[in-house]
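# Reading the structure
Now for the letters of each chain:
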Amino acid sequence: MYAVNLICQTVKKVLFLAFCFSFIVSMQAQAAETPEGQVVAPGTSDEVQAGLLARLRSLGDDYVPRTEHFLENGEPEYINRLIAEDSPYLLQHAHNPVNWYPWGEEAFSAAKAQEKPIFLSIGYATCHWCHVMERESFEDKAIAALMNKYFIAIKVDREQLPDVDALFMTAVTMMTGSGGWPMSSFLDSSGRPFYGGTYFPPQQFTELLDRVSTVWATEQDALLEQADIVAKALREANQLSSKVQDVGEAEIKRASAMAVSQFDEEYGGFGRAPKFPQESTLLFLLEQARRTGAEKVLEVVDITLDKMAAGGIHDQIGGGFHRYSVDNQWQVPHFEKMLYNQAGLARAYTLGWLLTGKRDHADTAKGILDYVLREMSTDDGVFYSATDADSEGREGIYFIWDAEALAGALEPADAELAAKIWGVDGFANFEDQTVLHRPDTLEQLAEQLEFSVDELRKKKSVLAALLRSARAKREPPLRDDKILTGWNGFMITAFAEAAIAFDDAAYLEAAQTAANQLWSTAMMEDGTLKRSQFNGVVSIEAKQVDYAWLAEAMLAVYDADGDPLWLERARLLTDSMIKQFRDAEGGGFFMGAPVVSGADLVTRPKDLYDASTPSGNSIALRVLTRLYRRTGEAHYAEEADQLIGAFSSALAKQTGGFYYLLTGLAEHLDVETGPTQYAARGVVRASARLLGDEQLEISIDLKEGWHINAPEPLQDYLIPTSIADQQQQPLQGVEFPVPVMRKLGFQSETLSLYEGQVTLRAGMPANTSGSPLVPVKLTLQACSDEICLAPETLTLRVSTLDASDG
């Protein structure tokens, strides 16, 4: 939390001292007697209780209550209001003896009516330590009785309500210096936090509940005063500076240098353990390498991609990546798999292949995408949210191996080879077993075993499939079957970009199918978007990041297939995002509405920093810039300028935490770096590709009513269409189509021009850089019957790679 460091220090000191003095008095936890029969949301009307029981019955015979407490007839002993929610995480807690409320007006009204403080617990379905605190505390009847007697307990799925999560994460970080999940906060009845933390062991949690309840009863004014201090600090932390500064290339270079300086030269990545992939940083550096050709920047990312792909953070036989590594070497992960990690890393490895030509990067990218299609996709073609770290009551057991397990799944010679490929060599790296990783590169191992690299690559693929089949017989981790609109948008972008890079029709179809399905289910008739789908129920008003991510996805699919339908959808999403979430006074975009499920937020938070995912504001900047390039509508460029201005003071001070924002800034100031470019206010779409025999093909699409000049215009004052190399030397032997001869309204003379779709061919320029991407310069001038726009030169980066080898 870069912008709030000073506030954090001040608030933390005040709250720590005040709270410590308030905790002098404590009381013993009072355990409630086990109730007879089934307990359904105590304190609710008979009608509400009947509704909750009906909801339980509606879940069907396949529903398995997650609890330790059952009646003799097999039914759960406790049922609370979470049974009516459409979140896997909330349903996990629907049978705790805690009288949980979902976030909303009912909970806050109850707190006011009963004059109780609120205990707020925030987590998500695949969170390991959330499960631990549930088992230890929320399933404990004595602790639950204490919570029910003295507090109104609210449970929030952070993935459904990221704005609520962000607000209280900021508060907890201010008060304690760190944050995480499960997040535990204590609030007054108006929703203002006065104390918080993360995971608490049961004894500590019991003491904390005792102390807070005592202080609430005896020194409530002191807690309310603390709540007021925190609320004011939250409002300040959410503000952007009104001072606009000139930012641009200097900040981009500084950010690049900062990332390189934090690079771990031995193991790749940035910083020390626990190590996260930091997808926003990787994507920023890759785009910079493609834009500038900076060798050191590309080297940093290339090494990081290599090391991560070889480590245990990468599921070696199933594809996909776990959320982070607990060690510096990427060997032992925290075993959750999140959809957003797959999306960000698939994009990074795809671009890494384009820039380096390394087959391993292509294999890793495809392994991620194929894993998502195989294990994270619905029958309708959209994508589930995550898989858990735990199965059979243990973390990671689904993913670990030893020599005996390999021998049980493979023939002896194959088991021996698999052990060498994936490091099962008697040295355990996780609980007496091994998280599969690759100690040696394929090239090193092929030399040791006297295989060719291609032979070993094929053998590795076969062995991985066999081990994957054997692993499928184990109890799998829980899958979070929630469909999140924003995360799906991120994944759609990954598929669309891979479809272009690898010339893969299956990936394009996956992107198109998911985009259409989301549009049909999440987009309402009134033009508003929904965030979450679960068990066929569409719910939760979409947040700003959902609009931004889905708009970015629509633009990515448009770039892949050229269908204007996607562009129109991106416009509708972006226009709605601007209308609902733009802060006209303070700048930037709010995360969501000021009222969530009928409950007011202390302040309306903004998603400012690029963390495990890009921020909603960063994605919005890229969308606005790309929409302007593709439509020519100036108001999108103006919105982008205002967004940059709102963040300019923060960027001028320091660039850490803004890597995806800076990616959008670079595009806004210059051009995009992809294989398809747009010119003349979206009138011209041009792309280049390598055909066989070193032949270059450039395709140009012009909107109706517009044209470009032929290579030899009949008037010497008109700009000819031409193709040149990086040094602006004209390419030789260019094959231009026969031009159209036409008279237009603004010109009495006959013109030699091109309209509609135009295809040019030429020999490839010499590749002097050795990079798999060769820049080609296309110069043109677009004109209509009324106006000629300024001439433009587009840089089209042509991949020399054979997509089939990828």
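Being a predicted model, the structure only gives us computed values, none of them experimental.

Calculation rules
- Each chain carries its own residue numbering, running from 1 in the direction its sequence is written.
- The model is predicted, so local features are restricted to residues of pLDDT at least 70 and side-chain atom pairs to those at 80 or more, both for listing and for counting; the totals for chains, interfaces and linings are taken over all residues.
- With hydrogens and water excluded, all non-hydrogen atoms of the structure serve as input to the side-chain values.
- Between any two strands, pairing holds if DSSP finds at least two bridges.
- For the purposes of this entry, the term helix denotes a DSSP run of H or I that reaches at least four residues, the term strand denotes a run of E that reaches at least two, and both are numbered from the N terminus.
- A fitted line through C-alpha atoms serves as each axis, taken over the contacting stretch for helices, and the angle formed by two N-to-C directions is quoted from 0 to 180°.
- A contact between two residues is defined here by any heavy atoms of the two lying within 4.5 Å.
- The cut-offs for exposure are 20% and 50% of the maximum accessible area for each residue type, with area from a 1.4 Å probe on protein chains only; residues under the lower value are buried, those over the upper are exposed, and the others partly exposed.
- Side-chain atoms alone can form a polar contact between residues adjacent in sequence; in general such a contact is a pair of N or O atoms within 3.5 Å, and within protein one must be able to donate a hydrogen while the other accepts it.
- Each cavity reported here is a set of points on a 1 Å grid over the protein atoms alone in which a 1.4 Å probe fits but cannot get out, each pocket an open set with protein on both sides within 12 Å along at least five of seven lines, and each lining residue one with an atom within 4 Å of a point.
- Grid points are joined across faces, edges and corners, and a volume is the space filled by probe spheres set on the points.
- Side-chain classes are defined by residue name, with Ala, Val, Leu, Ile, Met, Phe, Trp, Tyr, Cys and Pro counting as nonpolar, Asp, Glu, Lys and Arg as charged, and the others, Gly among them, as polar.
- Our angle categories are set so that under 35 degrees counts as roughly parallel, over 145 as roughly antiparallel, 65 to 115 as roughly perpendicular, and the remainder as oblique.
- By definition, turning the near helix anticlockwise from the far helix through less than a right angle yields a left-handed crossing, and turning it clockwise yields a right-handed one.
- A pair of aromatic rings is counted whenever rings of Phe, Tyr or Trp (Trp by its six-membered ring) have centres within 6.5 Å, and the orientation is called stacked for planes under 30 degrees apart, edge-to-face for over 60 and tilted otherwise.
- Charge-over-ring contacts are defined here by two conditions on Lys NZ or Arg CZ: a distance within 6 Å of the ring centre and an angle within 35 degrees of the ring normal.
- What makes a salt bridge here is a side-chain nitrogen of Lys or Arg within 4 Å of a carboxyl oxygen of Asp or Glu, nothing more.

Before going further, it helps to spend a moment on the sheet that holds strand E5 (residues 152-157). Pairing is mixed in the open sheet, where five strands are placed in the order E3-E5-E4-E6-E7. Whereas interior strands pair on both sides, the edge strands pair on one side only; in this sheet they are strand E3 (100-102) and strand E7 (193-197). Ignoring which end each strand starts from, the neighbouring axes of this sheet average 30° apart. With three bridges joining them, E3 and E5 adopt parallel strand pairing. Looking at E5, one finds that tyrosine 101 is bridged to isoleucine 154. Lying on the sheet, helix H4 (residues 105-114) is in contact with E3, strand E4 (118-123) and E5; it crosses E5 at an angle near 160°.

Here we come to the side chain of threonine 779. Here threonine 779 shows up in strand E30 (residues 773-780). Overall, the relative accessible area of 17% leaves threonine 779 in the buried class. At a separation of 2.9 Å, a polar atom in the side chain of threonine 779 contacts the side chain of threonine 793. Beyond its immediate stretch of four places on either side in the chain, threonine 779 contacts Ile719, Pro720, Thr721, Ser722, Glu792 and Thr793.

Okay, empty space enclosed by the protein next. Any empty space left between the atoms is revealed when a probe the size of a water molecule rolls over them. Considering all chains together, one arrives at three cavities of 30 Å³ or more under this definition. Considering only enclosed or pocket space, the largest cavity measures out at about 60 Å³ in volume. Gly312, His314, Asp315, Gln316, Ile317, His322, Phe335, Phe399, Trp401, Val435, Leu436 and Arg471 are the residues that line the largest cavity. A breakdown of the residues in the lining of the largest cavity according to their chemical character gives six nonpolar, four polar and two charged. Lining of the second largest cavity is provided by Arg629, Val671, Glu672, Thr676, Gln677, Tyr678 and Leu794. Per-element accounting of the lining of the second largest cavity gives the leading share, three residues, to strand E22 (residues 676-679).

This part covers the pairing of strand E25 (residues 706-709). The alternating pattern of E25 places Trp706 and Ile708 and His707 and Asn709 on opposite faces, both of which are buried. Strand direction decides the pairing type here: E25 and strand E31 (residues 782-784), joined by three bridges, are antiparallel. For tryptophan 706, the partnering residue across the bridge sits in E31 and is serine 784.

Attention shifts here to the sheet that holds strand E23 (residues 684-691). An order of E22-E23-E24-E29 is seen for the four strands of this open sheet, with the pairing classed as antiparallel. Here the strands that pair on one side only, and so sit at the sheet edges, are E22 and strand E29 (757-763). For this sheet the average axis-to-axis angle between neighbouring strands, irrespective of direction, equals 20°. Strand direction decides the pairing type here: E23 and strand E24 (residues 695-702), joined by eight bridges, are antiparallel. Bridging across to E24, arginine 689 finds its partner in glutamate 697. Packed on one face of the sheet, helix H21 (residues 544-561) meets E22 and E23 and runs near 60° to E23.

Take the pairing of E24 next. Between E23 and the antiparallel strand that follows it, E24, lie three residues; aspartate 693 among them carries a positive phi value of about 60°. Across seven bridges, the pairing between E24 and E29 is antiparallel. Bridge assignment links isoleucine 698 to a residue of E29, and that residue is leucine 760.

In the contact formed by helix H20 (residues 505-522) and H21, the axes pass within 10 Å of each other and the chain directions differ by 140°. By the angle between their directions, the pair H20 and H21 is classed as oblique. The handedness of the crossing between H20 and H21 is left-handed. Residues Leu508, Ala511, Gln512, Ala515, Leu518 and Trp519 of H20 lie in contact with H21, whose contacting residues are Leu550, Met554, Val557, Ala560 and Asp561. Split into classes, the residues belonging to the contact of H20 with H21 amount to nine nonpolar, one polar and one charged.

Another point: the packing of aromatic side chains. If you walk through the whole model with that rule in mind, you get 28 aromatic pairs. The interplanar angle of 35° and the centroid separation of 6.4 Å between the aromatic rings of tryptophan 100 and phenylalanine 119 together place this pair among those described as tilted. With tryptophan 100 in strand E3 and phenylalanine 119 in strand E4, the pair connects residues that are 19 residues apart, well separated along the chain. You'll find tryptophan 100 and phenylalanine 119 in the same group, each marked buried. A centroid spacing of 5.0 Å and a plane angle of 25° characterise the contact between phenylalanine 490 and tryptophan 549, whose relative ring orientation is stacked. Of this pair, phenylalanine 490 sits in helix H19 (residues 485-502) while tryptophan 549 sits in helix H21, and the two are 59 residues apart along the sequence. Side by side, phenylalanine 490 and tryptophan 549 carry an identical accessibility label, which is buried. Geometry around tryptophan 100 places lysine 155 over its ring, the cationic atom sitting 4.6 Å from the centre. Lying across the ring of phenylalanine 590, lysine 606 places its NZ or CZ 5.2 Å from the centre.

All right, on to the pattern of salt bridges then. Enumeration over the complete set of coordinates arrives at 48 salt bridges. When the shortest N-O distance is used, the salt bridge between arginine 290 and glutamate 287 registers 3.2 Å. Placement of the pair is arginine 290 and glutamate 287 together in helix H11 (residues 279-292), with a separation of three residues, close to one helical turn. For the pair arginine 290 and glutamate 287, one class covers both residues: buried. Across the pair aspartate 546 and arginine 531 runs a salt bridge, and its minimum N-O distance is 2.8 Å. Highlighted residues: aspartate 546 in helix H21 and arginine 531 in strand E18 (residues 530-534), separated in sequence by 15 residues. Using a relative accessible area of 0% as the deciding quantity, one classes aspartate 546 as buried.

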